[in-house]
Amino acid sequence: SVGILDSDTLLPPNSNGPQKPILPSHNIKNDFESPWSHKPICARSTSLSSPGKKYCVYTSNLTGPAGMSMIVSPSIAAEAAPLLNDNPLDNFLTLDQAEQLYSGNPPYKVVEIEGKGMGVIATRPIAKFETIMVDQAAVVVALNIEKMVGKKEARRLLHTAVEQLRVPGEVRGLSGEHKASSEGDAKEGEQGKIEEDVMLTNAFGSEIAGIDCRALFPLISRINHACNPNAFVLFSRAGISMAVKAYRPIAPGEELSISYITLGQPSRNRAAALARWGFSCTCPLCSLADHEKQHSDILRSLISQSEGKILELAQAGRLDDAIALTEESIQMIEEEQQEHFLTDSYALLAKLWLVKGDRGRAEVEARKSFDRLVQMGFLGNGVGNSEREWEEWDLEGFLEVVGEGMVAVVPPKPEDAV
Ligand SMILES: C[S@@+](CC[C@H](N)C(=O)[O-])C[C@H]1O[C@@H](n2cnc3c(N)ncnc32)[C@H](O)[C@@H]1O
């Protein structure tokens, strides 16, 4: 389903791809099959887990604004081929919105930002949850490529992948500024070094055709980081398109920001997580006076601890305490402007009311969660008829899917009750 970016998968430099089931490749008859516009350039795996397996560059230079190259195995390329017509317009926008965004007058422009290189600013007022920008991946690389073919071969393939795009300069001209850019094993000027630095600085983690990939979105790449950002990104189902949406109203001239790291962390953890980009963050949250920063850090720690405590209370049958703590946590989330946590918190509150046997209050809280998800674009393009869409769900069905990863609140068995 359409999912929010897990910012932690934004290219940690030494990440190893997770093990994936090996797909048979005998059904791939011909590597040249459309939609690829170039003959695949390949390297063989030297990894003992799949010795000799081919990884190739597949380019479709009519896809998206810059063309698209993938570095994957032939079987994954075959699975990904039908995804190439994953048009961002179909995923994130109504026809009206698309016309506005593409009428040559987008609500943003890329400009130089002091101390940050380039960045993106709003050119008109942007409404809360509005779709500001859409983009399509230009380069997609299997996360485990270096492990499979070695760093040097991976760079050679990456160089080719960019070279074959319709506009290679759009990728090579992106920022390559990350902490390890001058420390890696590639020599300055070595083929693929620029492209490798660009990927390490800009690419998002995405799942495409069932495998974990690094995906480069040239336009979205220009958006700088803030710890309490005014925008967030949303992937299409196929993982190839992405939209940027506003967390709150944005004024003309204001810089757009997204978070490169997991949201909600206290300052020390944020600094550690951001270290690999090599800049020291001067966003409003990181620039707070010491006592304000301390207050924010305490709130953030309390918010992150509260879910575990709420579940403990619920398991122990102390539902009133669990509900009170959830309500307290929602207040802290609002004070700390942690918009993104609210959908899960309202859903948790709904679950607690349902377990307590108050269906009416459960419905009220579940609707708050549902409406936010619709507005944010997680359940369609955000402009559908929320009333009708809600009717398609039943309360229990909705609460089962929302807040994925959240441990189910199970009614305590009588002997567990305190
Ligand atoms: C994804 S790019 C963002 C666009 C980039 N500024 C550019 O010129 O293309 C990430 C790089 O931008 C810079 N950057 C991003 N957010 C920043 C911030 N809050 N403060 C300073 N530099 C930042 C860092 O050099 C970082 O490695």
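Each remark here, short or long, concerns the structure printed above.
In this text, all values refer to a predicted model and were calculated from it rather than measured experimentally.

Q: Go over the site of the ligand, please, and point to the residues and values.
A: Taken together, 16 residues surround the ligand, and among them Lys116, Met118, Glu177, Arg222 and Asn224 come closest. In the environment of the ligand, an oxygen atom lies 2.5 Å from a nitrogen or oxygen atom belonging to the side chain of arginine 222. Within the side chain of asparagine 224, an N or O atom sits 2.8 Å from a nitrogen atom of the ligand. Considered on its own, the ligand offers 560 Å² of accessible surface; in the complex 93% of this is hidden by protein. With respect to the detected pockets, the ligand is housed in the second largest pocket. Of all elements in the fold, only β5 (117-122), α7 (193-202) and β10 (224-225) reach the threshold of two or more residues within the shell around the ligand. Within the shell around the ligand, the residues separate by chemical class into five nonpolar, eight polar and three charged.

Q: Account for unusual backbone geometry, with residues named and values stated.
A: Not every positive phi belongs to a glycine, and phenylalanine 129 is a case in point at roughly 70 degrees. Relative to the elements of secondary structure, phenylalanine 129 occurs in the loop between β5 and β6 (131-136). Here phenylalanine 129 falls in the buried class, since its relative accessible area comes to 8%. In this model, glutamine 337 sits at a positive phi of 55 degrees, which is unusual for a non-glycine residue.

Q: Please set out the sheet that holds strand β8 (residues 204-208) residue by residue, giving values where relevant.
A: Within the open sheet, the six strands sit side by side as β1-β2-β3-β7-β9-β8. Their pairing is mixed. Each having just a single partner strand, β1 (41-44) and β8 make up the two edges of the open sheet. Across the sheet, the mean angle separating the axes of adjacent strands is 20 degrees when strand polarity is ignored. Looking at chain direction, β8 and strand β9 (residues 211-216) are connected through five bridges and run antiparallel.

Q: Could you give an account of the environment of phenylalanine 92, naming the residues involved and the relevant values?
A: Residue placement: phenylalanine 92 occurs in helix α2 (residues 88-92). Residue phenylalanine 92 is classed as buried on the basis of its relative accessible area, which comes to 4%. As for phenylalanine 92 and leucine 234, which are separated by 142 residues in sequence, their C-alpha atoms are 8.8 Å apart.

Q: Explain the nonpolar core to me, and be specific about the residues and the numbers.
A: Core analysis: the largest hydrophobic core is formed by 49 residues, its most contacted members being Ile132, Ile220 and Leu256. Setting aside its immediate chain neighbours within four residues, leucine 256 contacts Tyr108, Val120, Ile121, Ala122, Ile126, Ile132, Ile223, Asn224, Asn230 and Ile250. Counting residues in hydrophobic clusters, the runner-up holds 44 residues, among them Leu263, Leu311, Leu352 and Trp390.

Q: Please set out the layout of surface pockets residue by residue, giving values where relevant.
A: Rolled over the atoms, a probe with the dimensions of a water molecule shows which regions are left empty. As a volume, the second largest pocket reaches approximately 850 Å³. In this structure, the second largest pocket is lined by 37 residues; those nearest its centre are Lys116, Asn224, His225, Tyr260 and Phe279. Within the lining of the second largest pocket, the residues separate by chemical class into 15 nonpolar, 15 polar and seven charged.

Q: Before we move on, can you summarise the state of the cysteines with the specific residues and values?
A: All told, the structure shown has one disulfide when counted by the stated rule. Disulfide partner of cysteine 42: cysteine 56, at an S-S distance of 2.2 Å. Classification of the bridge connecting cysteine 42 and cysteine 56 rests on its S-S torsion, roughly 100 degrees, and on that basis the disulfide is right-handed. Of the two residues, cysteine 42 is situated in strand β1 and cysteine 56 in strand β2 (residues 54-60); the sequence distance between them amounts to 14 residues. By relative accessible area, cysteine 42 is classed as partly exposed at 25%. Cysteine 281 provides the cysteine sulfur closest to cysteine 283, a residue in no disulfide bond, and the two sulfurs are 3.6 Å apart. Among the residues examined, cysteine 283 registers a relative accessible area of 6% and is labelled buried.

Q: Talk me through the sheet that holds strand β11 (residues 231-235); I want residue IDs and the actual numbers.
A: One open sheet accounts for three strands, arranged β6-β12-β11; its pairing is antiparallel. Unpaired on one side and paired on the other, β6 and β11 mark the two borders of the sheet. Geometrically, the sheet is characterised by an average inter-axis angle of 20 degrees between neighbouring strands, direction not taken into account. By the bridge criterion, five bridges tie β6 to strand β12 (residues 241-246) in an arrangement that is antiparallel. For valine 134, the partnering residue across the bridge sits in β12 and is alanine 243.

Q: Could you give an account of the environment of arginine 359, with specific residues and numbers?
A: If you trace the backbone, arginine 359 turns up in helix α12 (residues 359-376). Taking the C-alpha atoms as reference, arginine 359 lies 8.9 Å from leucine 395; in sequence the two are 36 residues apart. Setting aside residues no more than four positions away along its own chain, arginine 359 makes contact with Leu354, Leu395 and Glu396.

Calculation rules
Residues numbered from 1 in each chain as written. Predicted model: local features only at pLDDT ≥ 70, side-chain atom pairs only at ≥ 80, totals over all residues. Heavy atoms only, no water. Near = heavy atom within 4 Å. Polar contact = N/O pair within 3.5 Å; in protein donor to acceptor, adjacent residues only side chain to side chain. Areas by Shrake-Rupley, 256 points an atom, 1.4 Å probe, with all protein chains shown as cover. 1 Å grid on protein atoms, 1.4 Å probe; cavity = no way out; pocket = protein on both sides within 12 Å on 5 of 7 lines; lining within 4 Å. Sits in = over half its atoms within 2 Å of the grid points. Helix = DSSP H or I, 4+ residues; strand = E, 2+ residues; numbered from the N terminus. Nonpolar A, V, L, I, M, F, W, Y, C, P; charged D, E, K, R; others polar. Buried < 20%, exposed > 50% of the residue type's maximum accessible area, 1.4 Å probe, protein only. Pairing = 2+ DSSP bridges. Axes fitted to C-alpha atoms, helices over the stretch in contact; angles between N-to-C directions. Core = buried A, V, L, I, M, F, W, Y, C linked by side-chain atoms within 4.5 Å. Contact = heavy atoms within 4.5 Å. Points joined across faces, edges and corners; volume = space filled by probe spheres on them. Disulfide = S-S within 2.5 Å.

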